[in-house]
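Okay, here's what each chain looks like letter by letter:
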There are 2 protein chains.
Amino acid sequence: MHLSAQEEYGLRCLLRLALDEGEGVMRVQDIAEAEGLSPEYVSKLMRVLRLGGLVDSTRGACGGYRLSQTADSITLWDAIEVLGGSFFPECFCEAHPGIRRDCARADDCSIRVLWRTVSDLVRGGLSRVSLADLKRGEEAMRTWLTTDVSWVSEALAGSTPRARGEGA
Amino acid sequence: MHLSAQEEYGLRCLLRLALDEGEGVMRVQDIAEAEGLSPEYVSKLMRVLRLGGLVDSTRGACGGYRLSQTADSITLWDAIEVLGGSFFPECFCEAHPGIRRDCARADDCSIRVLWRTVSDLVRGGLSRVSLADLKRGEEAMRTWLTTDVSWVSEALAGSTPRARGEGA
DNA sequence: TAAAAACTATACAGAGTTGTCTAGATTATT
DNA sequence: AATAATCTAGACAACTCTGTATAGTTTTTA
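Because the structure is a prediction, the values reported are computed rather than measured. (Residues numbered from 1 in each chain as written. Chains lettered and ligands numbered in written order. Predicted model: local features only at pLDDT ≥ 70, side-chain atom pairs only at ≥ 80, totals over all residues. Heavy atoms only, no water.)

Caption draft 1: Expanded view of the protein's contact with DNA strand C. Taken together, 28 residues are adjacent to DNA strand C, and A:S38, A:Y41, A:K44, B:R27 and B:Y65 come closest. Counted by atom, the contact set of DNA strand C within 4 Å of the protein is 77% sugar and phosphate. A:K44 has a polar side-chain atom sitting 2.7 Å from a base oxygen of DNA strand C. Between DNA strand C and A:R59, the relevant distance is 3.4 Å, taken from a base nitrogen to a side-chain nitrogen or oxygen of the residue. Listing elements by their share of the surface near DNA strand C, those giving two or more residues are α1 (5-19) and α3 (39-51) of chain A together with α3 (39-51), β1 (55-58) and β2 (64-67) of chain B. For the surface near DNA strand C, the per-class residue count stands at 11 nonpolar, 10 polar and 7 charged. (Near = heavy atom within 4 Å. Polar contact = N/O pair within 3.5 Å; in protein donor to acceptor, adjacent residues only side chain to side chain. Helix = DSSP H or I, 4+ residues; strand = E, 2+ residues; numbered from the N terminus. Nonpolar A, V, L, I, M, F, W, Y, C, P; charged D, E, K, R; others polar.)

Caption draft 2: Quick look at the interface of chain A and chain B. Taken together, the contact pairs 84 residues of chain A with 82 residues of chain B. Between chain A and chain B, the buried area comes to about 7,200 Å², and carbon and sulfur atoms account for 60% of it. For the pair chain A and chain B, the number of links is 4 salt bridges. Linking A:R105 and B:E35 is a salt bridge whose minimum nitrogen-to-oxygen distance equals 2.6 Å. Viewed at the interface, chain B and chain A are joined by 32 residue pairs in polar contact (both at pLDDT 80 or more). Of all the secondary-structure elements, those providing two or more residues to the side of chain A that touches chain B are α1, α2 (28-35), α4 (76-83), α6 (110-126), α7 (131-134), α8 (138-148) and α9 (150-156) of chain A. Among the elements that take part in the side of chain A that touches chain B, α6(A) stands out by supplying 13 residues, more than any other. (Contact = heavy atoms within 4.5 Å. Buried area = accessible area lost by both parts, 1.4 Å probe. Salt bridge = Lys/Arg side-chain N within 4 Å of Asp/Glu carboxyl O.)

Caption draft 3: Fine view of empty space enclosed by the protein. All told, the structure shown has 2 cavities of 30 Å³ or more when counted by the stated rule. Around the largest cavity, the lining comprises 24 residues; the ones closest to its centre are A:L121, A:V122, A:A155, B:L121 and B:V122. The residue inventory of the lining of the largest cavity, partitioned by class, reads 14 nonpolar, 6 polar and 4 charged. If you add up the space inside the second largest cavity, you get close to 30 Å³. Forming the walls of the second largest cavity are A:M1, A:F87, A:V122, B:M1, B:F87 and B:V122. Looking at side-chain class alone, the lining of the second largest cavity contains 6 nonpolar, no polar and no charged residues. (1 Å grid on protein atoms, 1.4 Å probe; cavity = no way out; pocket = protein on both sides within 12 Å on 5 of 7 lines; lining within 4 Å. Points joined across faces, edges and corners; volume = space filled by probe spheres on them.)

Caption draft 4: How the structure looks around the protein's contact with DNA strand D. Neighbouring DNA strand D are 27 residues, the closest being A:R27, A:Y65, B:S38, B:Y41 and B:K44. In DNA strand D, atoms within 4 Å of the protein come from the sugar-phosphate backbone in 75% of cases. The contact in question runs from a phosphate oxygen of DNA strand D to an N or O atom on the side chain of A:R47, over 3.4 Å. One of the backbone nitrogen or oxygen atoms of A:G60 is found 3.3 Å away from a sugar or linking oxygen of DNA strand D. Secondary-structure elements contributing two or more residues to the surface near DNA strand D are α3, β1 (55-58) and β2 (64-67) of chain A together with α1 (5-19) and α3 of chain B. Among the residues making up the surface near DNA strand D, the classes are represented as 10 nonpolar, 10 polar and 7 charged.

Caption draft 5: View of the relation of the copies chain A and chain B. Each copy of the sequence occupies a distinct position, and chain A is placed on chain B by a rotation of 180° and an axial shift of 0.0 Å, giving an RMSD of 0.0 Å. Here the copies are linked by what is in effect a two-fold axis. For chain A, the residue whose C-alpha comes nearest the rotation axis is A:M1, separated from it by 2.8 Å. A share of 98% of the interface residues of chain A reappears at the interface of chain B, consistent with the copies meeting face to face through the same patch. (Least-squares fit on C-alpha atoms with pLDDT ≥ 70 in both.)

Caption draft 6: Here's a closer look at the packing of α1(B) against helix α4 (residues 76-83) of chain B. Residues and elements named next belong to chain B. Contact pair α1 / α4: the axes reach a minimum separation of 9 Å and the direction vectors enclose 130°. Relative to α4, the element α1 lies oblique. α1 and α4 meet at a crossing whose hand is right-handed. Residues Q6, E7, G10, L11 and L14 of α1 form the contact with α4, whose participating residues are L76, A79, I80 and L83. The residue makeup of the contact of α1 with α4, split by class, is 6 nonpolar, 2 polar and 1 charged. (Axes fitted to C-alpha atoms, helices over the stretch in contact; angles between N-to-C directions. Parallel < 35°, antiparallel > 145°, perpendicular 65-115°, else oblique. Left-handed = near helix turned anticlockwise from the far one by under 90°.)

Below you can see the structure in the form of structure tokens.
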């Protein structure tokens, strides 16, 4: 249940391009310097983003990368889908049958419903935040998320986690 | 952003103990057969759960495992914390500085706020579902989650993901 | 006290992830 | 046409995760 390095660093590179939106192309070296990553690693990440259709590249001298669409039309879910995929992909149960051919819980699995729900909530939430939204600074982002974004404020309201031992 | 095998299979073992609640202890072999896993693997998973304080063990003949508390007082967040840890742990930024000593975004990082928020929402949600809740069947669980659990139904309401290219 | 039942601990190979390295292909400029 | 700038592709070693294997410890029972 961890964010992978590729998801994290790939998103940083994407946000860097968003911050540079409208300024022509950005070279790998520029992105690497801005983000504190090695140019080799940035190259690899940009390839993933390009194959995923999120950025366009121009080769040769004066070449570089730019977003394939405007920053406000690329959602964080688009980015995560390209960089790492779903929290609970369709094939998960099929891929985790244990030592049997079919999962012991194939017929009736409450866990599956739970993860599917969490996955849908995360996907739904990330689909409503764009790269343009991320371009605000940290403090503005915090304010926006906790006060202006209804799906967050509603979910956070009354979300005191149940203490262990408190009962159902 | 994937669920790990240890999280998935460990939770299945824990749920198996919950289903057996009140029936004395359950042997590794029983759990393994019920879940379709190898006894060796179940042993390893049970060790993690025991070190995490979620289950108690009895050694020797007639020994086995049981939940350390009632099923309704162990939340899914308790389980995930022991089996895999947070989606976005406190140390994440410190552990991903790139090639610099300090992260290039240490001072102002809108991404950090975003992941922290998602992480808090997942933790809050999972803290309000217990092993006892999981003991219902799949269909009952689905109904319960989508209609009775306010934080889910509120979050799902109006959660049509924004299509790519639709704009902000 | 010996044997069987059952958990405990650690080592290990295979697979996936991470980040680097090297060589190649394409384009602008002179 | 030659050179420099820049992206492209794939190999690779170190690390982590996954699941198995093996040997050890504790408890019950006869």
